[in-house]
Each structure stands twice: as structure tokens, then as C-alpha cells.
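Architecture at a glance
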Amino acid sequence: MSDLTVSQIKGRRRLYLALSTLALLFLGLIYAFSMFAGPITSAFGLDKAAVALTFNIMMITFCIGAVVGSQIDAKMGVRGSLIVAAVLFFLGFAGTGLFGDGNIVVLYLFYGTFGGLGVGIGYNTIVATTNVWFPDKVGFSSGVLMMGFGLGSLVLGTLSVNLIPSFGLGTVFAAIGIVTAVVVFALALLLNRPPATIVAVMAPEKATASGYDPGDEDAALKTPAFYVYWIWAIIVIAIGLATIGNCSSDAQLVGIDATFATLLVGLVSTCNGLARIVIGIVYDKTNVKTTMLIDGLVAVAATFCIVGAFVTGISALYIAGAFCCGFCYGGVPVVASAFSRQRFGSKNYPLNLSLANFAIAFGSLLNIVVSSAVGGAENRLAVFAVMAVLSVAATINVLPFSKIWNRDMAMLEKRRSSASQ
């Protein structure tokens, strides 16, 4: 594969990007939990609040799965990692459908744990492998992949929910598990890592004569830039989850009828998916600092609009805020993917990507803490008032990040120049 020409690389990476996006579209069904929660509660006879906890379990195990996936990838390769992901996803959905009736522990174990682990492993392996084929367009490739993942709940989730009345929840979940496992397994047979010369061939301005990338030498957990990035990401993720997890019920609190409130969930998912393309393009055209600033400002607009909606009862403000929340949340994984690749190189990219995405777990926990502290479902205005303050803090946080980033980029360039002499 090391002798591939530019045209051959372009053809192969287009194919991989398309297939990877399709696989992520199916894996993204795990995010359709807000759509599945109602049918699960009624079909399985479970408590609504207990069922809602499944989403947080899934978010945490997703992050753990991403880290585990980076290690499986290192030991067993891309194919082995994706096969493990396919099996776990199948267990997650099929197990829930077959054994979940009347048993909340089964829901937590299969959907929350097995499903979350499977998606985390698959997501991290697919993104970390496919993105390395695009050293010249890492923002674009990240955006396309994340769009597929983000739209899974809207496209396939909506279809699945509509099939439940006809075929039953258990049958639909089993079918989701089987079809997704087949798609991911097929990708496992096709997807390969790029040749070692990919940067020199496709992005020669970023390569040295020896192919040396100084970022490869830096451990993410030992750099200030990583932790300052994490602060920004955790807050923006918490804001997104506060909206996505309660969008339908919150919309009805400000006077939106139940039918449109359900539709709004899908529209927010659309904003989530489109943001991943837009943010990816912005990243490629500008830099990580500008991208984070723009996404942070969108988060500020989102929270202030939603606070305004709860105070005034103006439903249009909530709709605008929900759209902005979907957008800012969708931008985070794109920044995480591009940031990890640009700052820490490709050698340990799967691990560094999984660590960057662990902000999702902490963002989920922050959302839980804020909600619990101020009253949760009984005081949604207070929840978003706190989130509004945090959104401003996240945006201000971009300033120290920018200083650290500029210093790090100068340091990497100096090391790169020294190696090429």
C-alpha cells in the first residue's frame, strides 16, 4: 500500500469515508434513546425516571469503550476492533429487545453498558482510522463522519420508532442489532490504515523529509493544552446534553404542542449533524482557536435563548435555543478529532482521540450535577441559568487555550525544522 499514487489514495479514501459514514449512521442509533425511552417505558412496564438513567450510563460507557477500543486496535488491528464493536452492539440492542421486559437491570446492562461500549469502540476505531487518510482535510473528514453519527437518531431512529407499533419493540430492537452488526462487520473487512507516507503524499507542507511528526512524542495527559481544551469541551457537551435529553418535555413547558415538540427532537438532531460539516469546514479554513470560539459563542446564544423562553414563555426563543444547542454540541466531536490529530500526531491518534472524547462522560456528569443541584425536571429555568453562566466561562476559556496553543504550535514547528536539517 506504500506505493499508492495520489489518485489511488483519493479514490480509496473517498470509499472509506462513505462506508465509514454509513457505519456511523447505524451506530448513531444509540443516540435515539430519547425517541426509544417512551416506547421502552410503556412496552416493558418500567419507571420513566429509571429508564432515563440509561442514557447517562450509555454516555459514560461510550467514553470507556473509546479508550478500550484504542487498546484493542493496537493489539488486534482495525478489523478485530470493529468485530468486537459489532458483537457488543448486537448484544446491546438484541439483548434489550429480547430480555428487557419488566427488568431495568437488563436495560442498564444491555443498552446502557454493552451498547455504549460497542458504539464507543466502533466510533473511535472508525474515526481514528478514516481521518488519518485525510491529513490535508482533517476538519472536513471529521465533519462528514460526525454528521453520519449525529444523523443516525434522526434518520434511522425515526424509522425504527415508526416500526414499533407494527412489529413490537423487541422485534425492532433485535433487527437493529442484527443489521448494524452486519454493516460494521462488512466495514471491518474493508477498512485499512493508510500508508505510512500519507502525510508526505497528501499534505507535503506538514511533512518532514524523514516523516517525523513531533506531536507523536507528546502524551496528551501531560500537556496543559489538553486540560484547557477539556474544560471547554465538558461545558459545551453538558449544555448540549441538557437540551437533547429533555428537548420534547422542555418544549412543552414553554407552550409548544406535543406533536411539534416531538418533531423538534429530530430537527435538533439535524442541526447537530449539519454542525459537524460546518464546523469541520470552519476548522480547515481557520484554526482550532477560532473554531472553539465560534462554537462557544453559539453555546452562549443557545443558553440565553432558552432562559429567555422560560422567563417569557416565547416558544420561538426555545426553538432557536434548541437549534443552537444542537449545533454547538455537534461541533465538539469535530474539534476533538481534529485537535487530537493536529496537536498529538497520528502515531497514538486512537488513544488521544478517545481521551479527548472522554469529555463526554464528564459533560454528562456535569449535566447531572447541575440538574440535581437546582431541582432538575422541576426547575428547568435554573438549570439553564447555570448553563448560561458556564457557557460564558467556556467561551472565555478559549483565551488561555489560544495562548497555550500558539506556544505549542511554535514549539512543534521548531522541533520539526530541527529534524529536517
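Shown above is the structure to which this text applies.
All values reported here derive from a predicted model rather than from experimental measurement. (Residues numbered from 1 in each chain as written. Predicted model: local features only at pLDDT ≥ 70, side-chain atom pairs only at ≥ 80, totals over all residues. Heavy atoms only, no water.)

Moving on: the overall build of the protein. Tallying secondary structure elements over the protein gives 15 helices and 0 strands in all. Relative to the 2.2 N^0.38 estimate, which gives 22 Å for 421 residues, the radius of gyration of the protein is 21 Å and therefore close to what a compact globule would have. Taken along its principal axes, the extent of the C-alpha atoms in the protein is 65 × 45 × 35 Å. Split into buried and exposed, the 421 residues of the protein put 57% on the buried side. Pairs at least 24 residues apart make up 84% of the contacts formed inside the protein by residues separated by at least 6 positions. Put simply, the protein has 23 plus and 17 minus side-chain charges, and the middle of one group is 8 Å from the middle of the other. (Helix = DSSP H or I, 4+ residues; strand = E, 2+ residues; numbered from the N terminus. Rg over C-alpha atoms; globule rule 2.2 N^0.38 Å. Buried < 20%, exposed > 50% of the residue type's maximum accessible area, 1.4 Å probe, protein only. Contact = heavy atoms within 4.5 Å. Lys, Arg positive; Asp, Glu negative; His and termini not counted. Charge placed at Lys NZ, Arg CZ, Asp CG, Glu CD.)

Attention now goes to the packing of helix H8 (residues 224-244) against helix H11 (residues 288-312). Between H8 and H11, whose axes approach to 11 Å, the crossing angle comes to 35 degrees. Where H8 crosses over H11, the two elements pack in a sense that is left-handed. In this structure, H8 contributes Tyr-229, Trp-232, Val-236, Ile-239 and Thr-243 to the contact, and H11 contributes Met-292, Asp-295, Gly-296, Ala-299, Thr-303 and Ile-306. Looking at the contact of H8 with H11 residue by residue, the class counts come to 7 nonpolar, 3 polar and 1 charged. (Axes fitted to C-alpha atoms, helices over the stretch in contact; angles between N-to-C directions. Left-handed = near helix turned anticlockwise from the far one by under 90°. Nonpolar A, V, L, I, M, F, W, Y, C, P; charged D, E, K, R; others polar.)

Before going further, it helps to spend a moment on the nonpolar core. Counting residues in each nonpolar core, the largest one holds 128 residues, and the members touching the most others are Phe-36, Ile-40, Tyr-229, Trp-232 and Tyr-318. With residues up to four places along the chain from it excluded, the contact list for Tyr-318 reads Thr-243, Asn-246, Cys-247, Asp-250, Ala-251, Val-254, Ile-256, Leu-264, Cys-305, Ile-306 and Ala-309. Among the nonpolar cores identified, the runner-up in size contains 5 residues, and Ile-72, Ala-85, Leu-88 and Leu-117 belong to it. (Core = buried A, V, L, I, M, F, W, Y, C linked by side-chain atoms within 4.5 Å.)

Another aspect to go through is a positive patch on the surface. A surface patch of like charges, here positive, comprises Lys-10, Arg-14, Lys-137 and Lys-285. Residue placement: Lys-10 occurs in helix H1 (residues 6-27). The class of Lys-10 is partly exposed, set by a relative accessible area of 36%. (Patch = residues over 30% accessible without salt bridge, like charges linked within 9 Å, V, L, I, M, F, W, Y side chains within 5 Å. Areas by Shrake-Rupley, 256 points an atom, 1.4 Å probe, with all protein chains shown as cover. Salt bridge = Lys/Arg side-chain N within 4 Å of Asp/Glu carboxyl O.)

On inspection of all chains with the given rule, the structure shows 0 disulfides. Left without a disulfide partner, Cys-305 is nearest to the cysteine sulfur of Cys-324, which lies 5.8 Å away. Classification of Cys-324 as partly exposed rests on a relative accessible area of 23%. (Disulfide = S-S within 2.5 Å.)

Turning to the pattern of salt bridges, a few remarks are in order. This model, assessed by the stated rule, comprises 11 salt bridges. Notably, a salt bridge pairs Asp-218 with Arg-343, separated by 2.8 Å at the nearest N-O pair. One end of the pair, Asp-218, is in the loop between helix H7 (198-202) and H8; the other, Arg-343, is in helix H12 (residues 315-344), and 125 residues separate them in sequence. Across the pair, exposure class does not vary: Asp-218 and Arg-343 are buried alike.

Okay, the packing of helix H3 (residues 48-99) against helix H14 (residues 359-374) next. Here H3 crosses H14 at 155 degrees, and the two axes come no closer than 8 Å. The angle between H3 and H14 places the two elements in the roughly antiparallel class. Pair H3 / H14 crosses with left-handed handedness. Within the contact between the two elements, H3 uses Asn-56, Met-59, Ile-60, Phe-62 and Cys-63 and H14 uses Ile-360, Ala-361, Ser-364, Leu-365 and Ile-368. Partitioning the contact of H3 with H14 into residue classes produces 8 nonpolar, 2 polar and no charged. (Parallel < 35°, antiparallel > 145°, perpendicular 65-115°, else oblique.)

What follows covers the side chain of Asn-272. Structurally, Asn-272 is set in helix H10 (residues 258-285). Polar side-chain contacts of Asn-272 include one of 2.7 Å to the side chain of Arg-276. With residues up to four places along the chain from it excluded, the contact list for Asn-272 reads Ile-244, Gly-326, Phe-327, Tyr-329 and Gly-330. (Polar contact = N/O pair within 3.5 Å; in protein donor to acceptor, adjacent residues only side chain to side chain.)

Looking now at the environment of Met-35. Along the polypeptide, Met-35 turns up in helix H2 (residues 33-44). Here Met-35 falls in the buried class, since its relative accessible area comes to 18%. Sequence spacing of Met-35 and Asn-348 is 313 residues, and the spatial spacing of their C-alpha atoms is 36 Å. Among residues more than four places away in sequence, those in contact with Met-35 are Ser-153, Leu-154, Gly-157, Thr-158, Val-161 and Val-265.

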